[in-house]
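Given next are the chains, with one letter for each unit.
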Amino acid sequence: MKTIIFSLFLFITIQMNAQVSLSGGLGILNGVGTSRKPLGFNLGFEFPRSSDLTFFVRGSFFPKITDTTANYANMTAISPTTTPTTLTIPYYLRCHSFYIEGGTRSYMLNDYDNGFALYGGSVFGFGVNTTTAKFDKFDYTNQYEWEGKYTLPNQNPTKGSIYYLALGIQGGIKYTIPIKGTLFFDITGTYSVLDLANNDAGLRSFTYSPLNFLFQFGYRKDLY
């Protein structure tokens, strides 16, 4: 992941001419059919190829959130002398995501760095959604502490990720305040054309969906 980010930064640095913009803000990831809509933040670069056509790269991070539905796992005693030999432990799934996107934007009604304008374009994205299990300290009866005495079967992973490539479109609105900067809001709709989970835990994400709508808003500063 660090290599990808560094490569993108290097590419942008080489491609930049006299002007580049830095942006930051907040966003909501709305996966169609998912039970939770995480809130995150974004950072990005944008630089013009002409007065109304730009190239952008933006990374978004959605911190870990916990599902409210309890799950249960059966754990087996490590030592044959431990009683009881099995315990049922409640646990909750937790998810966090990283998503990076890039593409072109065409500006309408005004230029990239002037006043009010609409913009839109195509998007290519790569994302990682990670799911972990957070276990309670005691079993479901709240009598027995399991840590150090019981273990899960090897075939039950407690952490996993799903990796995906997505294509989509983006539309937005912005207003540039002379000297001060630009306020923006955009919506990106993407569909995962390829996804791969590294284990069963990765497939249990409650925030990942092949069809996503990403709502982002924030502030952009033009550097000359």
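Above: the structure in question.
Thresholds, definitions, all that
- Residues numbered from 1 in each chain as written.
- Predicted model: local features only at pLDDT ≥ 70, side-chain atom pairs only at ≥ 80, totals over all residues.
- Heavy atoms only, no water.
- Core = buried A, V, L, I, M, F, W, Y, C linked by side-chain atoms within 4.5 Å.
- Buried < 20%, exposed > 50% of the residue type's maximum accessible area, 1.4 Å probe, protein only.
- Helix = DSSP H or I, 4+ residues; strand = E, 2+ residues; numbered from the N terminus.
- Contact = heavy atoms within 4.5 Å.
- Pairing = 2+ DSSP bridges.
- Polar contact = N/O pair within 3.5 Å; in protein donor to acceptor, adjacent residues only side chain to side chain.

Peer 1: For this particular structure, what's the right way to read the nonpolar core?
Peer 2: It is characteristic of soluble globular proteins that their nonpolar side chains tend to be buried jointly. Grouped together as the largest cluster of nonpolar side chains are 14 residues, with contacts concentrated most on M75, I89, F135, W146 and Y150. Broken down by secondary-structure element, the contributors of at least two residues to this core are β4 (71-77) and β5 (86-108). Counting residues per element, this core draws most heavily on β5, at five residues. Not counting the four nearest positions on each side in its chain, Y150 is found in contact with M75, T76, A77, I78, T82, T83, P84, T85, T86, L87 and E145.

Peer 1: So what exactly am I meant to see when it comes to the pairing of β4 here?
Peer 2: On a regular strand, one side chain projects to one face of the sheet and the next to the other, so that they alternate. Sheet topology note: the β4/β5 ladder contains six bridges and is antiparallel. Residue pairing in the sheet places N74 in a bridge with T88 of β5. One ladder, built from two bridges, connects β4 with strand β7 (residues 150-151); its direction is antiparallel. Bridge pairing in β7 places A77 opposite Y150.

Peer 1: In this structure, what is going on with the pairing of strand β9 (residues 181-197)? I would like to understand it.
Peer 2: Here strand β8 (residues 159-177) runs beside β9; their pairing, made up of 16 bridges, is antiparallel. By the bridge assignment, Y163 is partnered in β9 with L196. Counting the residues between successive antiparallel strands, the hairpin from β8 to β9 contains three residues, one of them, I179, with a positive phi of roughly 75 degrees. Pairing of β9 with strand β10 (residues 211-223), which is carried by 10 bridges, proceeds in the antiparallel orientation. Within β10, the residue paired with I187 across the bridge is F215.

Peer 1: In this structure, what is going on with the side chain of D222? I would like to understand it.
Peer 2: Inspection of the secondary structure puts D222 in strand β10. In this structure D222 comes out as buried when scored by relative accessible area, which is 10%. At 3.1 Å, the side chain of D222 forms a polar contact with the side chain of R220.

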